[in-house]
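Fold and contact review
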Amino acid sequence: MTTTTSTTAAPTEAVATASTADAPALIRFRPTGLDTAPEVNALLERLGLGPFAPDGLTAFGGRNDNWAGTTTLGRQVFVKTAARAPDGSRPEIDRALAFEASAARLPAGSPLRTPEHLGTDRESAVSAFRLLPGARSGSEVALDGDFDEALCREAGRAVATLHTLGTAFGEDPDAASDPAPDPASVLAIDTAEAPLPPMRWLRAFPWSEVQDRSMAQIAAWKLVQDDTEVVAALHRLRERERTAPHTPAHCDLRFDQFLVHDGRLYLCDWEEFRLADPARDVGAFAGEWLFQATYSVFAPTGEPTTAKDAVALGFDLSHEEIVERGAAGLRHHIPRIAAFWQGYTECRTPDPELAERAVGFAGWHLYDRLIATAQAHAVLNPVARAAAGIGRTLLLNPAGAVATLRLADSGVPHPAVAPAAVPHPAVAPAAVPHPAVPHPADAPSGSTR
């Protein structure tokens with residue numbers, strides 16, 4: 001099993017009968033017919049793997065076509081396509097190939113593991129990887145409560161190792177005593193600014209994009225645009241990012257980009273790989289747990305539950321109950337953020353301001369999830385608004401939340417993030433009831449895509 005770049009529904013017919021709200025990580029799809037994508041088997045045959053055997057061929061959710069199965073020569077393979085730019089270029093494939101070139105220098109036993117890249121047809125924008133049979137996506141692992149502190153620490157070590165790619169022996173590229181990065185591995189890495197948050201959208205939503213957005217997504221963007229303090233905070237975050245030390249970074253980090261296979265953690269999907277502020281990845285991982293904590297407000301015990309159960313549990317809660325449950329969710333999940341940070345600092349020494357910038361990116365991540373979860377809905381639901389409230393708090397005072405999120409040597413989890421976030425009138429969690437509360441694993445990321 002492996003994942004694709006996004007978690008939106010694939011444009012194929014679902015095989016499983018469970019809804020994506022009930023079991024998002026277990027859904028399989030009937031893949032696009034290979035007769036319409038001859039480049040797939042052509043690549044596999046060129047690689048000496050044999051074409052896909054039709055029996056058992058399946059696909060996973062994602063915005064791009066993908067295929068998973070066994071070839072006629074008995075090789076278990078995952079193949080996926082990548083999008084092309086309007087000008088015909090293939091930036092996603094190029095970024096992924098830049099990662100593979102950099103990762104080839106990792107020593108055996110590196111904390112950063114990724115499914116083996118078997119080959120790419122750049123012209124057709126198709127890549128093949130070794131399938132990891134029985135692997136579970138990080139979204140599924142988190143949903144089941146199995147993304148524990150030990151696994152989070154392992155994730156921190158993997159991300160820190162990623163941030164040292166291109167340096168000899170995995171040393172910190174910012175340290176003056178380190179050897180210079182290998183030009184062969186660095187020059188091919190994209191240096192363009194990461195697309196999110198899209199700063200021009202903070203001023204006005206492009207009319208050309210309106211037809212592709214739900215009413216709830218437009219309302220979510222209005223929450224951002226109407227909040228002058230949030231807009232100013234996002235501009236400050238971008239400015240700090242531009243002057244921060246840049247490293248190789250994933251730039252699309254979410255739970256579903258992780259795989260757990262035979263007890264080992266893998267990180268995949270490198271289409272947004274580039275030189276960027278490493279705080280993006282740290283903040284995104286923290287933001288994933290904060291979104292989980294927000295979602296737990298609508299569960300009876302603060303533990304993850306299905307969206308169907310949450311429908312009956314969230315909408316009659318009082319303000320005090322929402323604050324209390326939100327604080328409980330934060331107390332439950334913040335130790336996992338702390339474990340990630342422990343693993344990260346074991347493998348890399350962060351620059352002095354990285355933790356504070358990471359808090360800002362965690363705040364943006366919650367807004368990004370708000371926008372993404374709104375894709376299939378007409379109005380914003382309470383969990384999305386609660387996420388926006390926490391995101392707002394983090395963006396407006398990132399320095400004040402560093403210790404709260406335990407992105408420092410010391411600091412005790414504190415429920416201040418939840419109560420401070422909820423009262424803001426623009427994001428009151430119970431303001432707009434909705435008959436379905438999506439689980440974070442349902443939500444696509446990359447709201448401009």
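Structure: see above.
First, a word on what this report is: a plain description of the structure on this page.

Analysis parameters
- Residues numbered from 1 in each chain as written.
- Predicted model: local features only at pLDDT ≥ 70, side-chain atom pairs only at ≥ 80, totals over all residues.
- Heavy atoms only, no water.
- Helix = DSSP H or I, 4+ residues; strand = E, 2+ residues; numbered from the N terminus.
- Buried < 20%, exposed > 50% of the residue type's maximum accessible area, 1.4 Å probe, protein only.
- Contact = heavy atoms within 4.5 Å.
- Areas by Shrake-Rupley, 256 points an atom, 1.4 Å probe, with all protein chains shown as cover.
- Pairing = 2+ DSSP bridges.
- Axes fitted to C-alpha atoms, helices over the stretch in contact; angles between N-to-C directions.
- Parallel < 35°, antiparallel > 145°, perpendicular 65-115°, else oblique.
- Nonpolar A, V, L, I, M, F, W, Y, C, P; charged D, E, K, R; others polar.
- Polar contact = N/O pair within 3.5 Å; in protein donor to acceptor, adjacent residues only side chain to side chain.
- Expected span 1.5 Å × (residues − 1).
- Left-handed = near helix turned anticlockwise from the far one by under 90°.
- Salt bridge = Lys/Arg side-chain N within 4 Å of Asp/Glu carboxyl O.

**Considering the overall build of the protein**
Regarding its fold elements, the protein presents 15 helices and nine strands. The burial tally for the protein puts 57% of its 449 residues in the buried class. Looking at the protein alone, contacts between residues at least 24 apart form 75% of all its contacts between residues at least 6 apart. Carbon and sulfur atoms provide 54% of the accessible area of the protein, an area that totals close to 17600 Å².

**Comments concerning the sheet that holds strand β8 (residues 264-267)**
Pairing within the open sheet is antiparallel, and its three strands lie in the order β5-β7-β8. Sheet topology places β5 (136-137) and β8 at the edges, where each strand pairs with a single neighbour. When β5 meets strand β7 (residues 258-261), the two strands line up antiparallel, connected through two bridges. Among the inter-strand pairings, Arg-136 is bridged to a residue of β7, identified as Val-260. Packing against the sheet, helix α4 (residues 149-162) makes contact with β7 and β8, and its axis sits at approximately 40 degrees to β8.

**Comments concerning unusual backbone geometry**
Cis geometry is found at the peptide bond from Leu-196 to Pro-197, where omega equals -5 degrees. Note that Pro-197 resides in the loop between α5 (183-186) and α6 (207-210). Of note in the backbone geometry, Cys-251 takes a positive phi value of approximately 70 degrees without being a glycine. Along the chain, Cys-251 falls in the loop between β6 (247-249) and β7. The exposure class assigned to Cys-251 is buried, which follows from its relative accessible area of 18%. The backbone phi angle of Arg-406 is positive, close to 60 degrees, even though this residue is not glycine. Structurally, Arg-406 can be placed in the loop between α14 (398-401) and α15 (417-421).

**So, the packing of helix α7 (residues 215-225) against helix α12 (residues 354-373)**
Pairs of packed helices are described in terms of their axes, by the angle between the two and the distance that separates them. Axis separation between α7 and α12 bottoms out at 8 Å; the angle between their running directions is 155 degrees. Overall, the two elements α7 and α12 adopt an arrangement that is roughly antiparallel. Residues Gln-217, Ala-220, Trp-221, Leu-223 and Val-224 of α7 pack against Trp-364, Tyr-367, Leu-370, Ile-371 and Ala-372 of α12. Each residue belonging to the contact of α7 with α12 can be placed in one class, and the counts come to nine nonpolar, one polar and no charged.

**Concerning the environment of His-117**
Structurally, His-117 can be placed in strand β3 (residues 117-121). For the pair His-117 and Phe-129, spaced 12 residues apart in the sequence, the C-alpha separation amounts to 4.6 Å. Those residues within four positions of His-117 in sequence are excluded, and the remaining contacts are Leu-97, Glu-100, Ala-128 and Phe-129. Reaching out from His-117, the side chain makes a polar contact with the backbone oxygen of Gly-119 at a distance of 3.5 Å. A polar contact is formed between the side chain of His-117 and the side chain of Thr-120, at a distance of 2.7 Å.

**Re helix α2 (residues 91-103)**
Under the 1.5 Å per step criterion, the end-to-end length of α2 is 18 Å for 13 residues, consistent within 8% with the ideal 18 Å. What α2 keeps buried is the set Glu-92, Ile-93, Arg-95, Ala-96, Ala-98, Phe-99, Glu-100, Ser-102 and Ala-103.

**Description of the packing of α4 against helix α9 (residues 279-295)**
Put simply, α4 and α9 touch, their axes get as near as 10 Å, and they point 160 degrees apart. Classified by the interaxial angle, the pair formed by α4 and α9 is roughly antiparallel. Along this stretch, α4 crosses α9, giving a crossing that reads as right-handed. Contacts between α4 and α9 involve Cys-152, Ala-155, Val-159 and Leu-162 from the first element and Asp-281, Phe-285 and Trp-289 from the second. Residues belonging to the contact of α4 with α9 are distributed by class as follows: six nonpolar, no polar and one charged.

**Points about the pattern of salt bridges**
Summed over the entire model, instances satisfying the criterion amount to 31 salt bridges. Residue Arg-392 pairs with Asp-227 through a salt bridge whose shortest N-O separation is 2.5 Å. Taken together, the residues Arg-392 in helix α13 (residues 382-396) and Asp-227 in the loop between α7 and α8 (228-243) connect sequence positions 165 residues apart. Classification of Arg-392 by relative accessible area gives buried; the value is 11%. Take Asp-227: its relative accessible area is 6%, and that puts it in the buried class.

**As for the sheet that holds β3**
One open sheet accounts for four strands, arranged β1-β2-β4-β3; its pairing is antiparallel. Of all strands in the sheet, those with a lone pairing partner are β1 (66-70) and β3, marking the two edges. Strand-to-strand twist across the sheet, computed as the mean angle between neighbouring axes with direction ignored, equals 15 degrees. Pairing analysis gives four bridges linking β3 to strand β4 (residues 126-130), with the strands arranged antiparallel. Within β4, the position partnered with Asp-121 by the bridge is Val-126. Where helix α1 (residues 38-46) meets the sheet, it contacts β1, β2 (76-81), β3 and β4, and its direction lies at approximately 55 degrees from that of β4. α2 rests against β3 and β4 of the sheet, and its axis sits at about 145 degrees to β3.

**Quick look at the pairing of β4**
Most of β4 sits inside the fold, with four of its five residues counted as buried. Pairing geometry for β2 and β4, over five bridges, is antiparallel. The residue of β4 that forms the bridge with Lys-80 is Ser-127. The antiparallel pairing of β3 with β4 creates a hairpin that spans four residues between the two strands, and Ala-125 there sits at a positive phi of about 55 degrees.

**Let's talk about the pairing of β2**
The side chains of a regular strand alternate, first on one face of the sheet and then on the other. Most of β2 is tucked away: five of the six residues are buried. Alignment of β1 against β2, held across five bridges, turns out to be antiparallel. What sits directly across from Trp-67, in β2, is Val-79. The turn linking β1 back onto β2 is made up of five residues, and Gly-74 within it adopts a positive phi angle of 85 degrees.

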